[in-house]
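Fold and geometry: a report
These are the residues of each chain, in order.
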Amino acid sequence: MPEHTFRLNGEQITVEADDDERLLWVLRDILGITGPKYGCGINVCKACTSHLNGKAANPCAIPVKELRPTDEVTTIEGLPATVGKDLHPMQQAWLDQDVAQCGYCQPGQIMTAVALVRRVAQEGRRITDADLDNIRNICRCGTYFRIREAIRAGAENM
Amino acid sequence: MPGLGRRRFLGYVLAAPTLVTAAELAPAATASAAAETPAGMPSGELPSPEITELVDLNDVMTLAALPTSNLITVEVHQDGTVSFALPRAEVGQGITTSTAMLIAEELDLPLDRVRVTLADARPELLFNQLTGASNTTISTYTPVRVAAAVARRRLLEAAARELGAPVGDLKLRAGVITAPGGGSVSIGALAGKAAGDQARRVSVELKEREQFKVVGRPHNRIDALAAVTGRKKFALDLDIPDARPTMVCRPPTINGTVASVANLDEVRAMTGVTDVAVVSTGVAVRARTFGQCVKAVRALRVSWKPGTAEGKSDETVLKTLRAAEQPLGLLPPLTPSVEARFTFRFRSNSALEPNCAIADVRPDRAEIWSGLKAPIVAKQAIAARLKLPPHAVTVHVTEGGGSFGRKLFFDAALEAAEISQKIGKPVKLMWHRADDARQGRTHPMATSRVRAAYLGNTVLSYKQRHTSVSTDLGHGLGEVFTALAAKLPVGDIGFSQTFFHLSQSMPYNFGHHSRLLSETDKSFNTGSMRGVYSPDVVCARELIVDRLASEMGKDPFRFRRDFLRDDRARAVLEKVAEAGDWGRTMPARTAQGIAFHSEYHSASAVLVEIDCRPETVDRPIRDGVTGPRVTKAVLAVDVGLTVNPRGLEAQMMGCLMDGIAQTLTSSLHLRDGYFLEASWDNYFYTRQWNTPPELKIIIMPSASDRPGGAGELGVATSMAAVACAYGRATGTMPTSFPINHGTLSFVPKPTVPPIPASPTDGLDHTR
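Quick caveat: nothing in here was measured; it's all calculated off a predicted structure.

This part is about the overall build of chain B. A count of helical and extended segments in chain B gives 21 helices and 32 strands. Across the 767 residues of chain B, 57% fall into the buried class. Long-range pairs, those at least 24 residues apart, make up 80% of the contacts in chain B between residues at least 6 apart in sequence.

With that out of the way, let us pick up the overall build of chain A. Of regular secondary structure, chain A possesses five helices and five strands. Listing each helix as α and each strand as β along chain A from the N terminus yields β-β-α-β-β-β-α-α-α-α. For a compact globule of 158 residues, the expected C-alpha radius of gyration is about 15 Å, and chain A comes in at 15 Å, within 12% of that figure. Its C-alpha atoms give chain A principal-axis dimensions of about 45 × 30 × 25 Å. A burial count over chain A gives 61% of its 158 residues as buried.

Across the boundary between the two partners, chain A contributes 58 residues, which contact 59 residues of chain B. Elements with a minimum of two residues in the side of chain A that touches chain B: helix H1 (23-30), strand E4 (55-57), helix H2 (89-96), helix H3 (106-122), helix H4 (129-133) and helix H5 (144-156) of chain A. Here the side of chain A that touches chain B gets five residues from one element, more than from any other, and that element is H3 of chain A. Looking at the side of chain A that touches chain B, its residues break down into 31 nonpolar, 14 polar and 13 charged.

A separate point is the domain arrangement of chain A. Residue and element names in this part refer to chain A. What the domain assignment lists for chain A is domain 1 (3-76) and domain 2 (81-156). Placing the centre of domain 1 and that of domain 2 at their C-alpha centroids yields a distance of 20 Å. If you look at the interface, domain 1 gives 18 residues, while domain 2 gives 14 residues. For the side of domain 1 that touches domain 2, the secondary-structure elements that each account for two or more residues are strand E3 (50-52) and E4.

Where strands meet in a sheet, backbone hydrogen bonds hold them as pairs that are either parallel or antiparallel. Residues and elements named next belong to chain B. Spatially, the three strands line up as an open sheet ordered E7-E8-E9, and their pairing is antiparallel. The open sheet terminates on both sides in strands that have one partner only, identified here as strand E7 (171-173) and strand E9 (184-186). In this sheet, neighbouring strand axes are inclined to one another by 20 degrees on average, regardless of whether the strands run parallel or antiparallel. As paired strands, E7 and strand E8 (residues 176-178) are joined by three bridges and run antiparallel to one another.

What follows deals with unusual backbone geometry. For the peptide bond that leads from Phe-737 of chain B to Pro-738 of chain B, omega is -5 degrees, which places it in the cis range. Considering the arrangement of structural elements, one finds Pro-738 of chain B in the segment after strand E32 (736-737). Pro-753 of chain B follows Val-752 of chain B through a cis peptide bond whose omega is -10 degrees. Within the element layout of this structure, Pro-753 of chain B appears in the segment after E32. A positive phi angle is found at Lys-46 of chain A, which is not glycine, with a value near 70 degrees. The residue Lys-46 of chain A is located in the loop between H1 and E3 in this model.

Residue position: Cys-141 of chain A is located in the loop between H4 and H5. For Cys-141 of chain A and Cys-102 of chain A, which are 39 residues apart along the polypeptide, the C-alpha to C-alpha distance reads 7.1 Å. Not counting chain neighbours up to four residues away, the residues in contact with Cys-141 of chain A comprise Gln-101 and Cys-102 of chain A together with Gly-92, Gly-402 and Gly-654 of chain B.

We now examine the sheet that holds strand E23 (residues 446-455) of chain B. Residue and element names in this part refer to chain B. The strand order across the open sheet formed by five strands is E25-E24-E23-E16-E32, and the pairing between neighbours is mixed. Each having just a single partner strand, strand E25 (512-520) and E32 make up the two edges of the open sheet. Sheet analysis places E23 next to strand E24 (residues 458-469), joined by ten bridges and oriented antiparallel. Bridge pairing in E24 links Ala-446 to Ser-468. Sitting on the sheet, helix H10 (residues 314-324) touches strand E16 (337-344), E23, E24 and E25, and the angle it makes with E25 is about 135 degrees. Most of the contacts of helix H16 (residues 534-551) go to E23, to which it runs at about 30 degrees, and overall it touches E16, E23, E24 and E32.

Here we take up the pairing of strand E1 (residues 3-8) of chain A. Residue and element names in this part refer to chain A. The two faces of E1 differ: His-4, Phe-6 and Leu-8 on one face are buried, but Glu-3, Thr-5 and Arg-7 on the other face are not. Sheet topology places E1 next to strand E2 (residues 11-16); six bridges connect them, and they run antiparallel. Looking at the pairing, Arg-7 lines up with Gln-12 of E2. In textbook terms, the turn of a hairpin is the stretch between consecutive antiparallel strands, and for E1 and E2 this stretch comprises two residues, one of which, Asn-9, has a positive phi near 50 degrees.

This next bit is on the nonpolar core. One finds Ile-103, Val-285, Ala-357, Ile-382, Ala-413, Val-576 and Val-722 of chain B to be the most contacted residues of the largest nonpolar core, which totals 269 residues. Considering each element in turn, this core owes the most residues, twelve residues, to helix H21 (residues 713-730) of chain B. The residue makeup of this core includes at least three contributed by each of domain 1 (3-76) and domain 2 (81-156) of chain A. Among residues more than four places away in sequence, those in contact with Val-722 of chain B are Gly-593, Val-608, Ile-610, Val-630, Gly-659, Ile-660, Thr-663 and Leu-664 of chain B.

All names here are of chain B. Counting buried positions over the five residues of strand E19 (residues 366-370) gives five, a clear majority of the element. Burial along E19 is two-sided: Ala-366, Ile-368 and Ser-370 and Glu-367 and Trp-369, pointing in opposite directions, are all buried. The pairing of strand E18 (residues 356-361) with E19 spans four bridges and is classified as antiparallel. Directly across from Ile-358, in E19, lies its bridge partner Trp-369. Where E18 folds back on E19, the antiparallel hairpin that results is connected by four residues. Handedness of the crossover joining E19 and strand E20 (residues 393-397) through helix H11 (residues 375-386): right-handed.

This part covers helix H20 (residues 645-664) of chain B. Spanning 20 residues, H20 of chain B covers 29 Å between terminal C-alpha atoms, matching the ideal 28 Å at 1.5 Å per step. With 18 of 20 residues buried, H20 of chain B is to be regarded as a mostly interior element.

All names here are of chain A. Where H2 meets H5, the closest approach of the two axes is 8 Å, and the angle between their N-to-C directions is 135 degrees. It follows from the interaxial angle that H2 and H5 lie oblique. Like other packed secondary-structure pairs, H2 and H5 cross with a definite hand, here right-handed. In contact with Pro-89, Met-90, Ala-93, Trp-94 and Asp-96 of H2, H5 contributes Ala-150, Ala-153 and Gly-154. Of the residues contributing to the contact of H2 with H5, the split by class is six nonpolar, one polar and one charged.

A few words on the environment of Thr-73 of chain B. Residues and elements named next belong to chain B. Among the structural elements, Thr-73 can be located in strand E4 (residues 71-76). In the structure, Thr-73 is positioned 13 residues away from Leu-86 in sequence and 8.9 Å away in space, judged by C-alpha atoms. Those residues in contact with Thr-73 that lie beyond four places of it in its chain are Leu-14, Val-20, Thr-21, Ala-22 and Ala-147.

To continue, consider the packing of H2 of chain A against H3 of chain A. All names here are of chain A. In contact at an axis separation of 9 Å, H2 and H3 are set at 125 degrees when each is read in the N-to-C sense. Relative to H3, H2 is oriented oblique. In this structure, H2 meets H3 at a crossing whose hand is right-handed. Between H2 and H3, the residues in contact are Met-90, Gln-91 and Trp-94 and Gln-106, Ile-110, Ala-113 and Val-114, respectively. Broken down by class, the residue content of the contact of H2 with H3 amounts to five nonpolar, two polar and no charged.

Next up on the list: helix H5 (residues 136-163) of chain B. All names here are of chain B. Taking 1.5 Å as the rise per residue, H5 with 28 residues should run 40 Å; its terminal C-alpha atoms sit 39 Å apart, in good agreement. The element H5 is extensively covered by neighbouring structure, given that 21 of its 28 residues are classed as buried. Immediately downstream of H5, the backbone of Gly-164 shows phi near 65 degrees, a positive value.

Rules behind the numbers
Residues numbered from 1 in each chain as written. Chains lettered and ligands numbered in written order. Predicted model: local features only at pLDDT ≥ 70, side-chain atom pairs only at ≥ 80, totals over all residues. Helix = DSSP H or I, 4+ residues; strand = E, 2+ residues; numbered from the N terminus. Buried ≥ 20, exposed ≤ 12 C-beta atoms within 10 Å, placed from the backbone. Contact = placed C-beta atoms within 7 Å. Rg over C-alpha atoms; globule rule 2.2 N^0.38 Å. Nonpolar A, V, L, I, M, F, W, Y, C, P; charged D, E, K, R; others polar. Domains from an automatic or database assignment. Pairing = 2+ DSSP bridges. Axes fitted to C-alpha atoms, helices over the stretch in contact; angles between N-to-C directions. Core = buried A, V, L, I, M, F, W, Y, C linked by C-beta atoms within 7 Å. Right-handed = clockwise from strand over helix to strand, strands pointing away. Expected span 1.5 Å × (residues − 1). Parallel < 35°, antiparallel > 145°, perpendicular 65-115°, else oblique. Left-handed = near helix turned anticlockwise from the far one by under 90°.

Now the structure itself:
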């Protein structure tokens, strides 16, 4: 079986998997990284959202062979280390707003939020209602309103 | 729960090496009411041959006879923590947190010293291990506190011996008991000394409401840190030895079955695949990864036999419903009246976590892990399917990734058990989202006919005839005998009617009123969805209330206020009217709507503002359904005693999002025996672009000593308020829900193969 080398949560790793195995299953079934969740498998629910080189990416739609050795994959498990703390400011904002209900979608929501705040900052502007409206992550518990408040609060501390 | 005087209750100290205290979990009122033999069921014929397949009666009775087996227990540990295994399912509604708060309150402990886990299936609890009907807090509020209060008393008694001071002089605070002279001892150090050497009953007093320091104040969820760090474990996240990814290739129509498979050996030889087996629901495949399962499912060439809804579509079901409608009365009323028929489409109660379960079935025993709200019925049904005695089947209740009614059933657990037995290996079964949408349970299609007659300023009568595709209430109320009763062809009607009448009420002074339920057509996989009958029934009623107000020349808010029967109801309504600035001037094609609903001893009112202007309706969102936007919502609730206001607010927000979806965007389309929707890009649950940017939840102060139900309360009210607002903004009362059902907003995915391949272009969409 082919080997694939990339960086995962700060470490260089090599894993055996089919070339077209989607990264989501490499993470969950082979490496035991279960923060990214399955919700659809076709990149529409965004429950698996993680970061690829700092940008929001959906492992359910990325064949593992497409990763280069220098590509940095960050899952929710590796997010705090990107700021050298136990919790990323966005996770803290999620706690402060008590956003999660069942929690199944929340790792993906947080990873989307962090990438959104970074992108908006790079564009030299603040988060708008339109930015929030365009978030595609589904929350079937309906925590959307607290998500909006948490993103605004978390952005202040990023 | 035997009460001894106003505040004294009986609890237990159990024999154990550490302090274990307990209380009886008394049957809830609804459970005992619904447990009565449903009307029309011939007595003596209930235990048909089926019953022995389902349950070994002796087995249950033995367990039930153990003297202290039906108790819930609080355990004090040497590290100073206190643990409790809650016989309910946590699916996001926050009951582990509210339960921890009750224990923290009675024991004067910090919340983080209380650990609440979910109990395995415990058949000896009979009715008392069902999570549903917004009943958890109502039924566990007193027993949990009693068990904790017994622990408090025992700890104080042990400390008195230890510190040489009378109990009355001791103070328990933050897990430490202090004597007047300054001596102190931690509850962890007392855990062994306070333990019982034999089981005994003791009586305790509970704290008065005025003494509460934890209950009634907002607390964050106890599992929030686990949720935001990805450490919270759902069933699919568990690492059970050798439980490999498993999926099922499912039929193209609802409940079809396998006729033959052309290429079993070819698929068995695919990379990573360990097993392929025909099962009752399709063809199961087990592999190293779910990615390999997806490929194997897509590669299978299966001939299918017809399903249970062959050839049926929205139109044919609607025709069946109309034929089953009971008359509103033969003659038209002699007085002025308003009348309408409302149609409510099939909806999906899929949670974000798909149906899933882990099963490890051996020749003589089985172990199951799944998010289950009726684990006793699951355990007994699984034992029957596996032909094992119930005591040989262990059912672990895992944290659930949402439920909305879905986890009242155990479809995945039963299927996983069957597959594991068939292939002789442990399996981690996951339904693909397409499976979950197309073969999973749905909220049934329904019609509601309403007629209200009035004269002058009086409403003389209100009649509602609700007709629905059968709702499967086969989970009963948590216990297998009731579940069996619900499956009987006649008894089932009585059961549904019982549930309908127990859960519906008429809050307005509308003279003579009657509501009847007819159910028809059992060919669909249905289940109760958050609120069960209430969202549809109440939406229809509140729209008629608006019509009545209009015909009688009254304002919708004032009309409701004048006709509501009780003060709590009026108070929540007045609250949202005031906080939401009812009656303010608004632009054309935007409007306010207001609605009221009460159930399970709780009252709620919702005011929303909606924007139906073309520029809003057609706002651009890629691959999303936009439509009218609810721009503001105000909800007021009176649930009696609120245990955790922060959690209650969260529940109400979720209810609102459900209500918005049910009125505006979310439904399933039935064509030729299957549902067209196959994923979240087809089924339009509320998304960020549908979320009201302005939202306020108001929890009414209450002097009540008793909590009411809250998990479902706001769905019906919200759905109705959005519908009323839409009617007022557009000038036309909506009569079919959701309003966009007539427009198919997506290209249906194929049914063969039954699941789509995962995309490969993820790198092109990073942002």
